[in-house]
Amino acid sequence: MELYQLKTFVAIAKEGSLTRAAERVFTSAPAVSAQLKALEDELGVKLFERTPRGMSPTEAGLSLLEEAERTLASAMRMRSAADQLRGAAQGVVRFGTVVDPVALRLGEVLVKLAERHPQVALQLRQGLSYETLSAVQRGDLDCAYVLSDSEQIEGLELRRLGAVDLVVALPLPVAEAHPGLSLDQLTNMPWVGTPPSCILRVHLEKLFAGAGREYRQGRTADGESAIRSMVASGMGAGLMRLDQAEQGERNGELAIWTGWRSHTWLCWVAPGEGKRPVAVDAVRSAVMEAWG
C-alpha cells in the first residue's frame, strides 16, 4: 500500500464525503474512489458504507483508522529526521493567515527566511481564525497566524505574538443621537455578529453577559471588513479590532463606543516539535525573530 492511499482513507473518514475528501487531498473524486477501492482490495476488508448522509466507516474501517493515522505520523517523523540529518530546510510551507490585515510582520519573516533558508517557500492561505486553526489541526496547513484567547491547544505549539485590542463600533447616526449611550441601551440595539466559532463572537457574548443579557444571533458577517461595511451602512453595532475601527472613524464611516474594550491575541500555531518538517521550524524561527 502507498502513503497517499492512507491519506485518502483518513480524509474520507474525517470528511464523510468523497468530494470533500478529494478537495482535502487535492485530487478528484474519481481518483479518491479508485484509491479507496485499491486499499480495500489490498486489505481484504470494506472500510466504508455509502449512506444517504455520505461515507460511513465500517467497524473494520474504524479499527484501522487509528493505525493509518499512526503510520502517517511516523512517516512525517521519518521525513523530519531525514531533513535534520541533511541539515536542510527546504520545501513549501502552507502558512495560514487571518483574512483582515493585522500587522503580521510578514515582510520581515519573508526577508529572514529568504536570507537563511532560500529553499523554503511560503504558500499563504487566508481565512477566518477558527477555520485556519482547524486546518492546522487537520494537517491541511503547516502553521498559521490566528487570533485566539487560548494559552495552549492540545497537540499544537501556540506562541502569543502580541495583544490585539477589540472595541465596539457604532453607526454614526446612532453615536450622534446617543452621545451618552449606556451598556443597557447598547445591548438593546441591532447588532452585526459573527459565526459562533469566531473569536469576535466569543467577546461579543461576554459583552452581553456583562449587561446580564444573552446575545441572540441576528445579522452575521464573516469577517471584519464585512462588519465594518455593515456598521457604516447603519445595520447595527459591531465588534472589531481597534486598528480597523480607528481607520473607519478617521474615514468618517463609524464611531467607537468608549464604554468597553477587550483584547485577544495574535498567535502563531503549528504541530508540536517533532511532528513537523524542518522547513516549518525554519519558518518558526523567522516568525519569532521578527516578533522579538
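Everything below is about the structure printed above this text.
Residue positions are given per chain, counting from 1 as you read along its sequence in written order. Where local features are concerned, this predicted model is filtered to residues with pLDDT of at least 70; where side-chain atom pairs are given and counted, the filter is 80 or more; whole-chain, interface and lining totals use all residues. Side-chain descriptors were evaluated using all non-hydrogen atoms of the structure, hydrogens and water having been removed beforehand.

Student: Which parts of the structure should I look at to understand the pattern of salt bridges?
Tutor: Side chains carrying opposite charge are able to pair once their charged atoms draw close together. Any carboxyl oxygen of Asp or Glu within 4 Å of a side-chain nitrogen of Lys or Arg constitutes a salt bridge here. Per the counting criterion, the structure on display carries 22 salt bridges. Measuring nitrogen to oxygen at the nearest pair gives 3.0 Å for the salt bridge that ties Glu69 to Lys14. Of this pair, Glu69 sits in helix α4 (residues 59-86) while Lys14 sits in helix α1 (residues 3-15); the two residues are 55 residues apart in sequence, bridging distant segments of the chain. Burial classification: accessible surface area is computed with a 1.4 Å probe over protein chains only, and a residue below 20% of its type maximum counts as buried, one above 50% as exposed, and the rest as partly exposed. Residue Glu69 is classed as partly exposed on the basis of its relative accessible area of 30%. Take Lys14: its relative accessible area is 47%, and that puts it in the partly exposed class. Numbering of helices and strands starts at the N terminus; helices are DSSP runs of H or I of at least 4 residues and strands are runs of E of at least 2.

Student: Can you walk me through the pairing of strand β10 (residues 254-271) in this structure?
Tutor: The side chains of a regular strand alternate between both faces of the sheet. Counting buried positions over the 18 residues of β10 gives 13, a clear majority of the element. As defined by bridge partners, strand β6 (residues 156-171) adjoins β10 across 15 bridges and the pair is classed as antiparallel. Its bridge partner being in β10, Leu166 is matched across the sheet by Ser262. A pair of strands is treated as paired once DSSP finds two or more bridges between them.

Student: How should I be thinking about the state of the cysteines in this particular structure?
Tutor: What we call a disulfide is simply a covalent bond connecting the sulfur atoms of a pair of cysteines. Cysteine sulfur atoms that pair up within 2.5 Å are treated as a disulfide. Per the stated rule, a full pass over the model turns up 0 disulfides. Cys143 forms no disulfide, and the closest cysteine sulfur to it belongs to Cys267, at a distance of 14 Å. Take Cys143: its relative accessible area is 0%, and that puts it in the buried class. The thiol of Cys198 is unpaired, and the distance to the nearest cysteine sulfur, on Cys267, comes to 14 Å. Taking the relative accessible area as the measure of exposure, Cys198 reaches 11% and is therefore buried.

Student: Mind showing me how you'd approach the nonpolar core here?
Tutor: A general feature of soluble globular proteins is that nonpolar side chains tend to end up buried together. Of all hydrophobic cores here, the largest spans 27 residues; its most connected members are Tyr145, Trp268, Val283 and Val287. Take this core: its biggest share by element is 8 residues, from helix α12 (residues 278-290). Contacts are assigned to residue pairs that have any heavy atoms within 4.5 Å of one another. Excluding its chain neighbours within four sequence positions, the residues that come into contact with Val283 are Val93, Phe95, Leu113, Val120, Leu122 and Cys143. Formed by 17 residues, the second largest nonpolar core is a distinct cluster that contains Ala11, Val32, Leu47 and Leu65. We define a nonpolar core as any set of buried Ala, Val, Leu, Ile, Met, Phe, Trp, Tyr and Cys residues linked to one another through side-chain atoms lying within 4.5 Å.

Student: Could you clarify how one ought to interpret the pairing of strand β1 (residues 48-51) in this entry?
Tutor: Examined bridge by bridge, β1 and strand β2 (residues 54-57) share 4 bridges and lie antiparallel to one another. Bridge pairing in β2 links Phe48 to Pro57. In this structure, the hairpin formed by β1 and β2 is closed by a connection of 2 residues.

Student: What exactly am I supposed to notice about the packing of α1 against helix α3 (residues 29-43) here?
Tutor: Each pair of packed helices can be summarised by the angle the axes make with each other and by the distance between the axes. Interaxial angles span 0 to 180 degrees and are taken between N-to-C directions of axes, which are lines fitted to C-alpha atoms, for helices over the stretch in contact. Two numbers describe how α1 lies on α3: the axes approach to 9 Å, and their chain directions differ by 110°. Relative to α3, α1 is oriented roughly perpendicular. Taken together, the residues of α3 that come into contact with α1 (itself represented by Tyr4, Gln5, Leu6, Thr8, Phe9 and Ile12) are Val32, Gln35, Leu36, Ala38, Leu39 and Glu42. Considering only residue class, the contact of α1 with α3 consists of 8 nonpolar, 3 polar and 1 charged. Small angles under 35 degrees read as roughly parallel and large ones over 145 as roughly antiparallel, with 65 to 115 read as roughly perpendicular and the rest as oblique. Side-chain classes are defined by residue name, with Ala, Val, Leu, Ile, Met, Phe, Trp, Tyr, Cys and Pro counting as nonpolar, Asp, Glu, Lys and Arg as charged, and the others, Gly among them, as polar.

Student: Looking at this structure, I do not really get the packing of helix α5 (residues 106-116) against α12. What am I missing?
Tutor: Interhelical geometry of α5 versus α12 gives an angle of 130° and a closest axis separation of 9 Å. When the interaxial angle is binned, α5 and α12 end up oblique. Crossing geometry of α5 relative to α12 is assigned as right-handed. Where α5 abuts α12, its residues Glu108, Val109, Lys112, Leu113 and Arg116 lie against Ala282, Val283, Ala286, Val287, Glu289 and Ala290. Tallied by class, residues from the contact of α5 with α12 come to 7 nonpolar, no polar and 4 charged. Working rule for handedness: look at the near helix, and if it is turned counterclockwise from the far one by less than a right angle, call the crossing left-handed; if clockwise, right-handed.

Student: Hey, could you run me through the packing of aromatic side chains in this one?
Tutor: Aromatic ring pairs: the centre-centre distance and the angle between the two ring planes describe each pair. Here is the rule: rings of Phe, Tyr and Trp (six-membered ring for Trp) pair when centre to centre is within 6.5 Å. Planes less than 30 degrees apart are stacked, more than 60 are edge-to-face, and the remainder are tilted. Evaluated as defined, the whole model comprises 4 aromatic pairs. Considering the side-chain rings of Phe95 and Tyr145, the 5.1 Å spacing of their centres and the 45° angle between planes classify their relative orientation as tilted. Of this pair, Phe95 sits in strand β3 (residues 91-98) while Tyr145 sits in strand β5 (residues 143-148), and the two are 50 residues apart along the sequence. The pair formed by Phe95 and Tyr145 is uniform in burial state, with each residue classed as buried. The interplanar angle of 70° and the centroid separation of 5.6 Å between the aromatic rings of Trp191 and Phe208 together place this pair among those described as edge-to-face. Placement of the pair is Trp191 in strand β7 (residues 191-193) and Phe208 in helix α9 (residues 199-210), with a sequence separation of 17 residues. Of the two residues, Trp191 and Phe208, both sit in the buried class.

Any functional reading would require information that these geometric values do not contain.
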